[in-house]
Amino acid sequence: MTTMKADSPAQSTQTQTTADFVLLGQLVALLALHISDTSKDGQMSAEAAYHLHQLLMSKMAKEMETKRKNRKGKIVEWLREDFFVSGPAIFYDNIPKMAKAFGEHLTPSQLTDVIMKALEAVTNSNKTISQAAGLLLNSFMKECGMEMEELPMILREMYTCLPNILDPATKEDVIKAVCHLASKRPNRVVDTILEISVECDGTARELWRALVADPYAKLRIMNGEEFSEVLLLPSTETTGRRNSKSIMPIA
């Protein structure tokens, strides 16, 4: 008779925690999209986000007693004490604060869930929702760009969404999000944009101009003039240069 080996307490806890939070990224995104709502929905979403963060920190309580580091090995800046004074209203109409509080604890796959939920909403005809989605995307890219997985897929989705975004402020936030990524991971971002923008359409030009203008993205790229050159090259020459893995050296 074959006996099943019982999981150790540590393994059981890890499995349970993973199961409990499998949809954490999507939940964070949905709450963030509504915390700027001026109706009661906004206040309720902010309160729910506050309690969700407390629950997340409680799950990590034992780890936090011995070291102020999250599972990524980084020093945790947002502890539960930070929330006792301000209360649930701390997140109301403050998506960047949510990105700071949750971003340092989300796994790469959960971060991808947040980004994909935001991208689904940036083309929403409701300006409040689309602007919240743009700010959510921008804030999480700023806080967690280095931890992002599936980067080429995310950039392709952003590139596809841009022409369909109706609200100018939302579009600006999405472009800023690309710049944040480029300032953190220039090689991957530049190569991916080159691969998906062979025709050098209006969206591609917007992105290149934004990358040239952004001081942090430009700082990470040794030869910023290369971007301007891409905008001015004849289409045949531009296409030929795009067939290479990268047209510019990276610092």
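Quick notes on the rules
- Residues numbered from 1 in each chain as written.
- Predicted model: local features only at pLDDT ≥ 70, side-chain atom pairs only at ≥ 80, totals over all residues.
- Heavy atoms only, no water.
- Core = buried A, V, L, I, M, F, W, Y, C linked by side-chain atoms within 4.5 Å.
- Buried < 20%, exposed > 50% of the residue type's maximum accessible area, 1.4 Å probe, protein only.
- Helix = DSSP H or I, 4+ residues; strand = E, 2+ residues; numbered from the N terminus.
- Contact = heavy atoms within 4.5 Å.
- Salt bridge = Lys/Arg side-chain N within 4 Å of Asp/Glu carboxyl O.
- Phe/Tyr/Trp six-rings, centres within 6.5 Å; stacked < 30°, edge-to-face > 60°.
- pLDDT = per-residue confidence, 0-100.
- Axes fitted to C-alpha atoms, helices over the stretch in contact; angles between N-to-C directions.
- Parallel < 35°, antiparallel > 145°, perpendicular 65-115°, else oblique.
- Left-handed = near helix turned anticlockwise from the far one by under 90°.
- Nonpolar A, V, L, I, M, F, W, Y, C, P; charged D, E, K, R; others polar.

1. Some words on the nonpolar core
In globular proteins that are soluble, nonpolar side chains generally tend to be buried together. By size, the foremost hydrophobic cluster in this structure holds 63 residues, and its most contacted members are Phe91, Phe102, Leu136, Leu137, Phe140, Met141 and Met158. No other element matches the 8 residues that helix α8 (residues 127–144) contributes to this core. In contact with Phe140, other than residues within four places in its own chain, are Val28, Met98, Ala99, Gly103, Leu106, Leu111, Val114, Ile115, Gly145 and Met148.

2. Re the pattern of salt bridges
Evaluation of the coordinates by the stated rule reveals 5 salt bridges. The salt bridge involving Glu143 is made with Lys100; its shortest N-O contact spans 3.3 Å. Taken together, the positions of Glu143 in helix α8 and Lys100 in helix α6 (residues 95–103) put the pair 43 residues apart, joining distant regions of the chain. Since its relative accessible area comes to 39%, Lys100 is described here as partly exposed. Lys117 is the salt-bridge partner of Glu120, the closest N and O atoms lying 3.8 Å from each other. Taken together, the positions of Glu120 and Lys117, both in helix α7 (residues 108–121) and 3 residues apart, correspond to about one turn of that helix.

3. Considerations on the environment of Pro108
On the secondary structure map, Pro108 appears in helix α7. For the pair formed by Pro108 and Cys144, sequence separation is 36 residues and the distance between their alpha carbons is 8.9 Å. If near-sequence neighbours (up to four positions away) are discounted, Pro108 is found in contact with Glu147 and Glu149.

4. Quick notes on the packing of aromatic side chains
Within this structure, the stated rule accounts for 1 aromatic pair. Judged by centre distance (5.9 Å) and plane angle (35°), the rings of Phe91 and Phe102 are tilted. One end of the pair, Phe91, is in the loop between α5 (81–84) and α6; the other, Phe102, is in helix α6, and 11 residues separate them in sequence. Phe91 gets classed as buried once you look at its relative accessible area, which sits at 0%. Judged by relative accessible area, Phe102 falls into the buried class, the value being 0%.

5. A few points about the environment of Val174
Tracing the chain through its elements places Val174 in helix α10 (residues 168–184). For Val174 and Val122, which are 52 residues apart along the polypeptide, the C-alpha to C-alpha distance reads 8.4 Å.

6. Concerning unusual backbone geometry
The phi torsion at Asp93 lies on the positive side, around 55°, for a residue other than glycine. On the secondary structure map, Asp93 appears in the loop between α5 and α6. At Glu150, a position not held by glycine, the phi torsion is positive, near 55°.

7. A word on the confidence of the model for the protein chain
When pLDDT is averaged along the protein chain, the result is 77; 69% of the residues meet or exceed 70. For residues 1–19, every residue scores under 50 in pLDDT, and the model assigns this stretch 4 contacts once sequence neighbours within four places are set aside. Considering only residues more than four positions removed or in separate chains, one finds that residues 222–228, a stretch of pLDDT under 50, has 16 contacts.

8. Quick notes on the packing of helix α11 (residues 186–196) against helix α12 (residues 202–213)
Where α11 contacts α12, the two axes come as close as 11 Å, and the packing angle between them is 160°. By the angle between their axes, α11 is roughly antiparallel relative to α12. Handedness of the crossing formed by α11 with α12: left-handed. In contact with Val190, Ile193 and Leu194 of α11, α12 contributes Leu207, Trp208 and Leu211. Counted by class, the contact of α11 with α12 contains 6 nonpolar, no polar and no charged residues.

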